[in-house]
Protein chains: 2
Amino acid sequence: MSILVVGSVAFDDLKTPSGEANNVVGGAATYFALSASYFTDVNVVAVVGDDFGPAERKVFDGRSIDLTGLESAKGKTFRWGGEYSDDLTERTTLFTELGVFEGFQPVVPEDYKSSRLLFLANIHPDLQVDVMQQVPKPGLIGADTMNYWIERTPDELARMLKGIDVLVINDEEARQLAGVHNLVKAAAAIREMGPKTLVVKRGEYGVLCFREGERFATVSFPLETVVDPTGAGDSFAGGFMGYLASHDEITHESVRQAIIFGSVMGSFCVEDIGTGRLAALNRDEIHARYAAFKDLTDFAPV
Amino acid sequence: MSILVVGSVAFDDLKTPSGEANNVVGGAATYFALSASYFTDVNVVAVVGDDFGPAERKVFDGRSIDLTGLESAKGKTFRWGGEYSDDLTERTTLFTELGVFEGFQPVVPEDYKSSRLLFLANIHPDLQVDVMQQVPKPGLIGADTMNYWIERTPDELARMLKGIDVLVINDEEARQLAGVHNLVKAAAAIREMGPKTLVVKRGEYGVLCFREGERFATVSFPLETVVDPTGAGDSFAGGFMGYLASHDEITHESVRQAIIFGSVMGSFCVEDIGTGRLAALNRDEIHARYAAFKDLTDFAPV
């Protein structure tokens, strides 16, 4: 039982109403891997620069995360800076320095090719397709993308979408990709593009999932303190895919449970700056919040 | 088992992306009464002008709605015109003509004073207090309000809030009333103002409910076609309070069920312009959508 994730590992500079932090190890693959590692073995394919040493790797230490596929290239690690508005509803990108990420050509180590599941975090769709071709027969392929690729590389994105089973994107991206505002209609259109399952992340509002003959919807966990939304969506994806990787069968029921575990991981992620809370969890806390989700949303039939 | 609602009955001019309709009988008390009447007997206290005749009253005919308290005054019925953006996310008020509503002094008929529950729809908080004083001992008092009263009559609103059990408002109103963005914190602050139960409507996203030692959250029903959001919040309140009125005990469990029934009624309301869909429902459809809500949101414990 293992999952392979390809995506970014980065240094983030974060400005939030609760405080600032610089040079925090972040990136989609980082949040995804940390989150998924509570459920399954994680194999990481990513690139960092020569400024990313043993101290930086520590965030992955002592977990079921394999870094054989973390390439170290000459140059600087991808850097991103972001600032949140006081109510955390808006995020401004302060800078993006691609560094070694610009020339990234993912190479999947031989040992990774038997990974049960594959997740293509948000990178150029051509690279996502490339990785798919290197992994012969995963049980399930999930992917994320963003407005940048929807706008600039629609043909490449279309090819990627044809090859995957599950697309995990946010509601604005779903609307943009489908070209329609109504999410039920957007979901139908997107599922025609390839992925049989669409998972729509709605930030503080929750998650919608559309599959063949199946719809599932849930809320986000109400939190009194939200410190830093960075990585919440990737933590969701990590919990979601990680739980599926640890599960024998992928059924409507296990997908629903996976969405709740994803939501649990996203809710923990935002409680501290960067990966602070996500990295410090234990399984009891995760299961307690899953149970709290059940308590929060359950109601009796009539 | 009955509920008394005080609020507006109006003529609405509605411009939606799906079409327009003028002189539609609307207003908070109308949507509330129609919705609640599927669950309980409804007593209406409101005012209309002499332009509101038998033809207009027809929308209430053949239902468990008593109009003894619907005062007919000299002058024009309250009129409101609204236009929705293409994606229905924004609403512009085109005009508001208060008419007879301006001098409205609610008088509760003697027969209404034994109503089991009381709902104070969105009107001047002084009038809401006035009605509370006319109804000696309802089992539960619910109320709505809006940004207008939060901004302009905070002292009157504070008095009203002290007297009620349940406040049913939308998320932006909750934030404004509490002066804090985070809804968990806002809920705590508002519950200090009087209402022991706060129900927060989040439009297309769902509902949050905060009570002593209890939180409940649910989604909105995903719809492929949304025609007209007008009255959805009042239909929610009608289903919510109507179900509680029909129920012997008000418990955490019955409040959760009431929120789902409220959500069901709100989801039907938006499927047609004005009260079209809401007025044409039957109990089987309502119960089928309740069951669909359960299917949509249920997940297994782990």
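All values reported here derive from a predicted model rather than from experimental measurement.

All right, on to the overall build of chain A then. Across its full length, chain A holds eleven helices and 14 strands. Taking 302 residues into account, the globule formula puts the C-alpha radius of gyration at 19 Å, and chain A, at 18 Å, falls close to it. Across the 302 residues that make up chain A, the buried fraction comes to 60%. Look at the contacts in chain A between residues 6 or more apart in sequence, and 65% of them connect residues 24 or more apart. Accessible surface, chain A: about 11900 Å² in total, of which carbon and sulfur atoms supply 47%. Computed over 27 positive and 44 negative side-chain charges, the separation of the two mean positions in chain A equals 4 Å.

Residue and element names in this part refer to chain A. Note on placement: Ser 254 falls in helix H9 (residues 252-269). Look at Ser 254 and you get buried, because its relative accessible area is 2%. As a C-alpha pair, Ser 254 and Phe 240 span 14 residues in sequence and 9.8 Å in three-dimensional space. Those residues in contact with Ser 254 that sit more than four places away from it in its chain are Tyr 243, Leu 244, His 247 and Glu 249. Within the structure, the side chain of Ser 254 is placed 2.8 Å from the backbone nitrogen of Thr 251, a separation counted as a polar contact.

On to the packing of helix H6 (residues 171-178) of chain B against helix H7 (residues 183-192) of chain B. Residue and element names in this part refer to chain B. Viewed as axis vectors pointing N to C, H6 and H7 meet at an angle of 60°, and their least axial separation amounts to 9 Å. Compared by their axis directions, H6 and H7 come out oblique. Here H6 and H7 pass one another in a crossing that is left-handed. Note on element contacts: H7 touches H6 through Leu 183, Ala 186, Ala 189 and Ile 190, opposite Asp 171, Ala 174, Arg 175, Leu 177 and Ala 178. Classifying every residue of the contact of H6 with H7 by side-chain character gives seven nonpolar, no polar and two charged.

All names here are of chain B. Here we have four strands laid out as an open sheet, ordered S3-S2-S7-S8, and mixed in their pairing. Two strands bound the open sheet, and with one partner strand each, they are strand S3 (19-26) and strand S8 (91-97). With strand direction ignored, the average angle separating the axes of adjacent strands in the sheet is 15°.

Turning our attention to the interface of chain A and chain B. Opposite the 39 residues of chain A that make contact, chain B presents 39 residues. Between chain A and chain B, roughly 3500 Å² of surface is buried when both sides are summed, and carbon and sulfur atoms account for 58% of that area. It is A:Tyr205, A:Phe299 and A:Val302 in chain A that bury the most area against chain B; as a group they hold 21% of the surface buried on that side. Applying the counting criterion to the chain A and chain B interface returns six salt bridges. A salt bridge links B:Asp298 to A:Lys294, with the shortest nitrogen-to-oxygen separation between them at 3.1 Å. Linking chain A with chain B are 22 residue pairs in polar contact (both at pLDDT 80 or more).

Moving on: the relation of the copies chain A and chain B. Superposition of chain A onto chain B requires a rotation of 180° combined with a translation of 0.0 Å along the rotation axis, giving an RMSD of 0.0 Å. Read as a symmetry element, the transformation amounts to a two-fold axis. Taken as a fraction of all interface residues of chain A, those also at the interface in chain B reach 100%, which identifies the copy contact as same-surface.

Once that is clear, we can look at the sheet that holds strand S8 (residues 91-97) of chain A. All names here are of chain A. Read across the open sheet, the four strands follow the order S3-S2-S7-S8; overall the sheet is mixed. The sheet terminates laterally at strand S3 (19-26) and S8, the two strands that pair on one side only. On average, adjacent strands in this sheet sit at an angle of 15° to one another, irrespective of strand direction. Where strand S2 (residues 10-16) lies against strand S7 (residues 79-84), five bridges are found, and the strand directions are parallel.

With 100% of its residues at a pLDDT of at least 70, chain A reaches an overall mean of 97. As scored by the predictor, the complex reaches a pTM of 0.97 and an ipTM of 0.96.

Oppositely charged side chains may form a pair once their charged atoms are brought near each other. Scanning all chains against the criterion turns up 30 salt bridges over all chains. One salt bridge connects B:Lys201 with B:Asp144, and the closest N-O pair in it is separated by 3.8 Å. Within this pair, whereas B:Lys201 is found in strand S12 (residues 197-201), its partner B:Asp144 is found in the loop between strand S10 (140-143) and helix H4 (147-152), the two being separated by 57 residues in sequence. As a salt-bridge pair, B:Glu212 and B:Arg191 come within 3.4 Å of each other at their nearest N and O atoms. Taken together, the residues span a long stretch of sequence, with B:Glu212 in the loop between strand S13 (207-211) and strand S14 (214-218) and B:Arg191 in helix H7 at a distance of 21 residues. In this structure, a network of salt bridges that share partners links the residues A:Asp171, A:Glu172, A:Arg175, A:Arg202 and B:Glu204.

Before going further, it helps to examine H9(A). End to end, H9(A) covers 26 Å across 18 residues, agreeing with the expected 26 Å (1.5 Å per residue, within 8%). Of all 18 residues that make up H9(A), 16 are buried, and the element is covered over most of its length.

The phi angle of most residues is negative, glycine excepted, and most peptide bonds adopt the trans form. One non-glycine residue, A:Leu88, lies in positive phi territory at about 65°. Within the secondary structure, A:Leu88 is located in the loop between S7 and S8. One non-glycine residue with positive phi stands out, namely B:Asn23, at about 55°.

With that settled, the discussion passes to the packing of aromatic side chains. Across all of its chains, the model carries 27 aromatic pairs over all chains by this definition. Taking the centre distance of 4.8 Å and the plane angle of 80° together, the rings of A:Tyr148 and A:Trp149 count as edge-to-face. Taken together, the aromatic side chains of A:Phe39, A:Phe216, A:Tyr243, A:Phe261, A:Tyr290 and B:Phe299 make up a single cluster linked through ring pairs. Against the face of B:Phe268 rests B:Arg289, its NZ or CZ located 3.9 Å from the ring centre. One cation-aromatic arrangement involves B:Lys294 over A:Phe299; the distance from NZ or CZ to the ring centre is 4.6 Å.

Each value, and the rule that gives it
Residues numbered from 1 in each chain as written. Chains lettered and ligands numbered in written order. Predicted model: local features only at pLDDT ≥ 70, side-chain atom pairs only at ≥ 80, totals over all residues. Heavy atoms only, no water. Helix = DSSP H or I, 4+ residues; strand = E, 2+ residues; numbered from the N terminus. Rg over C-alpha atoms; globule rule 2.2 N^0.38 Å. Buried < 20%, exposed > 50% of the residue type's maximum accessible area, 1.4 Å probe, protein only. Contact = heavy atoms within 4.5 Å. Areas by Shrake-Rupley, 256 points an atom, 1.4 Å probe, with all protein chains shown as cover. Lys, Arg positive; Asp, Glu negative; His and termini not counted. Charge placed at Lys NZ, Arg CZ, Asp CG, Glu CD. Polar contact = N/O pair within 3.5 Å; in protein donor to acceptor, adjacent residues only side chain to side chain. Axes fitted to C-alpha atoms, helices over the stretch in contact; angles between N-to-C directions. Parallel < 35°, antiparallel > 145°, perpendicular 65-115°, else oblique. Left-handed = near helix turned anticlockwise from the far one by under 90°. Nonpolar A, V, L, I, M, F, W, Y, C, P; charged D, E, K, R; others polar. Pairing = 2+ DSSP bridges. Buried area = accessible area lost by both parts, 1.4 Å probe. Salt bridge = Lys/Arg side-chain N within 4 Å of Asp/Glu carboxyl O. Least-squares fit on C-alpha atoms with pLDDT ≥ 70 in both. pLDDT = per-residue confidence, 0-100. Expected span 1.5 Å × (residues − 1). Phe/Tyr/Trp six-rings, centres within 6.5 Å; stacked < 30°, edge-to-face > 60°. Lys NZ or Arg CZ within 6 Å of the ring centre and 35° of its normal.

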